[in-house]
Amino acid sequence: MMLILSFLLLLLHLTHAASIISRSHSYPLNSRSITVGPETDLIITNGFIAPDGLKRSATLAGGTFPGPIIAAQKGDRFAINVVNKLTDDSMFKSTSVHWHGIFQNGTNYADGVAFVTQCPIVQNDSFLYSFEAQNQTGTYWYHSHYSTQQCDGLRGALIIYDPEDPLSYLYDVDDETTVITLADWYHAVAPVLNHFVSVINNSTLINGLGRYQGGPNSELAVVNVEYGKRYRLRLIAMSCAPSFAFSIDNHNLTVIEADGELTEPLLVDSLPILAGQRYSAVLNANQPVDNYWIRALPNTPNDGFNAGQNSAILRYKGAPIAEPTTNQTDSIIPLVETNLHALINPGAPGVPEYGKADINLMMVVNKTNGIFYINGFAFNPPSVPVLLQILSGAQNATDLLPNGSVYALETNKVVELTMINGENFGPHPIHLHGHSFDVVQSTGNSSFNYFNPVRRDVVAVGLQGQQMVIRWVTDNSGPWLLHCHIDWHLKNGFAVVMAEFTSPSDTQKQPNIIPNAWQNLCPIFNSLSPDQLGAQSSYQEAEKVAIAYGENITQVLFPNT
């Protein structure tokens, strides 16, 4: 059914395809994205783009896909004014922006999660996200956190450079030209796809360019390198759904960072990267001058590299302007998560024994009729954001909505979370806002590591029956979303809120720093008419797609509620 949906959506929009010939010219790595500083306006607009050769309207940050790279230095303060200029009625016209991986310690209100930490920013309004990343450095990204809006294009890189990086001796080049984004792309708008029980992407975009099955030989991204230099590639899986197997023909990579946390250097020849995850991997340009395929194979059925799909080009200085002829070889030293170890202050907090944390949580994920449940509850975004509920005087988890999906955690405690996948799809990329965590048991692995596990903010819970175990300290007051980073799964209930406070007064101290503009977001959003929200005909459009290709509406679509 997923393959049929992908195919029919492709055909439905084929008449809009742009006739783009192959032109794999050399140009800077992110030629479609500008770089801005930590204090900037981020204008959210609609615009037509054809990143894989098919032209469609998209939701864009700064007018590009990916959006502008936000680049900062360690210790910089961020002041990002998100301005909503959305106009396309087929998509959502409100927005919010999450700064993925930034802890927001003391600024929970700026985390950007619609209906958890704020109400959305309406059309023709703006909101200033003001926060400090404190001592954080590394590879991050930003994206819409309003329904599945990021799948329509609102995604971009956020990099915090460390002038005293202890691993800088391993690389020569680390700038905006070494940021590599991996994204899925869809030919139908996200509000229409929201109604389908199963969704599959049409193409993979590397730095905003790609090709789809049956489409034109559209332009591919080119990564330019010079023989003898070493490049810190910052890989970002800004994906709505698939994970990727990333590799570069004839080249090894040295992993030095996972999700903003430095790791002991690890040599690999391929690496799996799930939605939301990031890696820094050093490429040594030590092969003969030539063109080499960069590959990002998604975990979607029957996908491959035919006609340059799921690919980009690594081009050495002096190589001809041509597509590579290199072949992929079997991976000998793939990245295995348990081989990654935190470089700085390694070791999980608390007693190094399973079940001996201060707070021990067990969560079992199940799915019924396409809806996900954690411990029997599907997350349904509340009409009043969780943070606002706390600020308004809610006293404990039982007072907080959505019912059954909020876990109250006392501050300054070690939490150990075991999550088990009880449904038949996997892996699921699990992201915790407000923290990095230590992965003391990786999915599919029977052993525990409390001594020097990898530290990160997105981890897999694997195939049916498998579990993962993570630990963190509740040292960041506020409500923090824990969710699957497959957007379609989050939209369908795969989330809970971790509300960290000893008492509500911990979080209620925040009104001293919460701006009046934040207080105004909800009254303005709640006053909108259905037409002002956008996407009002999305279900009818989904029905047309299903009917046109003989699909049973009751099987492929959720009920129109």
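Structure: above.
Residues numbered from 1 in each chain as written. Predicted model: local features only at pLDDT ≥ 70, side-chain atom pairs only at ≥ 80, totals over all residues. Heavy atoms only, no water.

Enquirer: So what's going on with the nonpolar core? Residues and values would help.
Expert: Nonpolar side chains in soluble globular proteins generally cluster together in the buried interior. Ranked by size, the top nonpolar core spans 80 residues in total, and within it Leu271, Met363, Trp488 and Met498 carry the most contacts. Of all hydrophobic cores here, the second largest spans 40 residues; its members include Val36, Ile80, Phe115 and Leu521. (Core = buried A, V, L, I, M, F, W, Y, C linked by side-chain atoms within 4.5 Å. Buried < 20%, exposed > 50% of the residue type's maximum accessible area, 1.4 Å probe, protein only.)

Enquirer: Which residues make up a nonpolar patch on the surface, and what values go with them?
Expert: A grouping of Leu267, Ile332 and Ile333 is seen on the molecular surface, where their side chains present a nonpolar patch of about 290 Å² in accessible area. Residue position: Ile332 is located in the loop between β20 (311-316) and β21 (359-368). (Patch = residues over 30% accessible without salt bridge, like charges linked within 9 Å, V, L, I, M, F, W, Y side chains within 5 Å. Areas by Shrake-Rupley, 256 points an atom, 1.4 Å probe, with all protein chains shown as cover. Salt bridge = Lys/Arg side-chain N within 4 Å of Asp/Glu carboxyl O. Helix = DSSP H or I, 4+ residues; strand = E, 2+ residues; numbered from the N terminus.)

Enquirer: Any chance you could break down the sheet that holds strand β9 (residues 155-161) for me, citing the residues and the numbers?
Expert: Spatially, the five strands line up as an open sheet ordered β1-β4-β9-β8-β6, and their pairing is mixed. Both outer strands of the open sheet, β1 (35-36) and β6 (97-100), are each paired with one neighbouring strand and no more. As paired strands, strand β4 (residues 69-73) and β9 are joined by four bridges and run parallel to one another. Note that in β9 the partner of Ile70 across the bridge is Leu158. (Pairing = 2+ DSSP bridges.)

Enquirer: Just give me the short version of the pattern of salt bridges, but keep the residues and values in it.
Expert: Enumeration over the complete set of coordinates arrives at 21 salt bridges. Measuring nitrogen to oxygen at the nearest pair gives 3.4 Å for the salt bridge that ties Glu226 to Lys229. For Lys229, a relative accessible area of 33% puts it in the partly exposed group. One network of salt bridges, with partners in common, ties together Asp165, Asp174, Arg232, Arg234 and Glu257.

Enquirer: Got a sec to walk through the state of the cysteines? Specific residues and values, please.
Expert: Within the structure shown, the criterion is met by two disulfides. The disulfide bridge from Cys119 ends at Cys522, spanning 2.1 Å between sulfur atoms. Because the torsion about its S-S bond is 90°, the bridge between Cys119 and Cys522 counts as right-handed. On the criterion of sequence distance, the pair formed by Cys119 in the loop between β6 and β7 (126-132) and Cys522 in helix α6 (residues 516-526) is long-range, its members being 403 residues apart. Summarising the burial analysis for this pair, Cys119 and Cys522 share the class buried. Between the sulfur of Cys151 and that of Cys240 lies a disulfide, 2.2 Å long from S to S. Taking the torsion about the sulfur-sulfur bond, which here is approximately -125°, the covalent link between Cys151 and Cys240 counts as left-handed. (Disulfide = S-S within 2.5 Å.)

Enquirer: Go over α6 with me, naming the residues and quoting the values.
Expert: When α6 is considered as a whole, its buried residues turn out to be Trp518, Leu521, Cys522 and Phe525. Each buried residue of α6 sits inside an arc of 80° when the element is viewed along its axis, so together they form one side. Contact partners of the buried residues in α6: β7, α3 (386-391) and α7 (530-533). (Arc of directions from axis to C-beta. Contact = heavy atoms within 4.5 Å.)

Enquirer: Residue-level account of the packing of aromatic side chains, with values.
Expert: Centre-to-centre distance and the angle between the planes together describe a pair of aromatic rings. Taken as a whole and judged by the stated rule, the model has 15 aromatic pairs. Ring centres of Phe115 and Tyr146 lie 6.3 Å apart, and the angle between their planes is 55°; this geometry places the pair in the tilted category. In this pair, Phe115 is assigned in the loop between β6 and β7 and Tyr146 in the loop between β8 (138-144) and β9, connecting sequence segments 31 residues apart. A single burial state applies to Phe115 and to Tyr146, both of which are buried. When the centroid spacing of 6.2 Å and the interplanar angle of 5° are considered together, the rings of Phe448 and Tyr450 count as stacked. You can call Phe448 partly exposed: its relative accessible area is 34%. Cluster of aromatic residues (ring-pair linked, three or more members): Phe78, Trp99, Phe127, Tyr129, Phe131 and Tyr142. Of note, Arg295 hangs over the ring of Phe305, and the distance from its end group to the ring centre comes to 4.7 Å. (Phe/Tyr/Trp six-rings, centres within 6.5 Å; stacked < 30°, edge-to-face > 60°. Lys NZ or Arg CZ within 6 Å of the ring centre and 35° of its normal.)

These results come straight from atomic positions and should not be treated as a statement about function.
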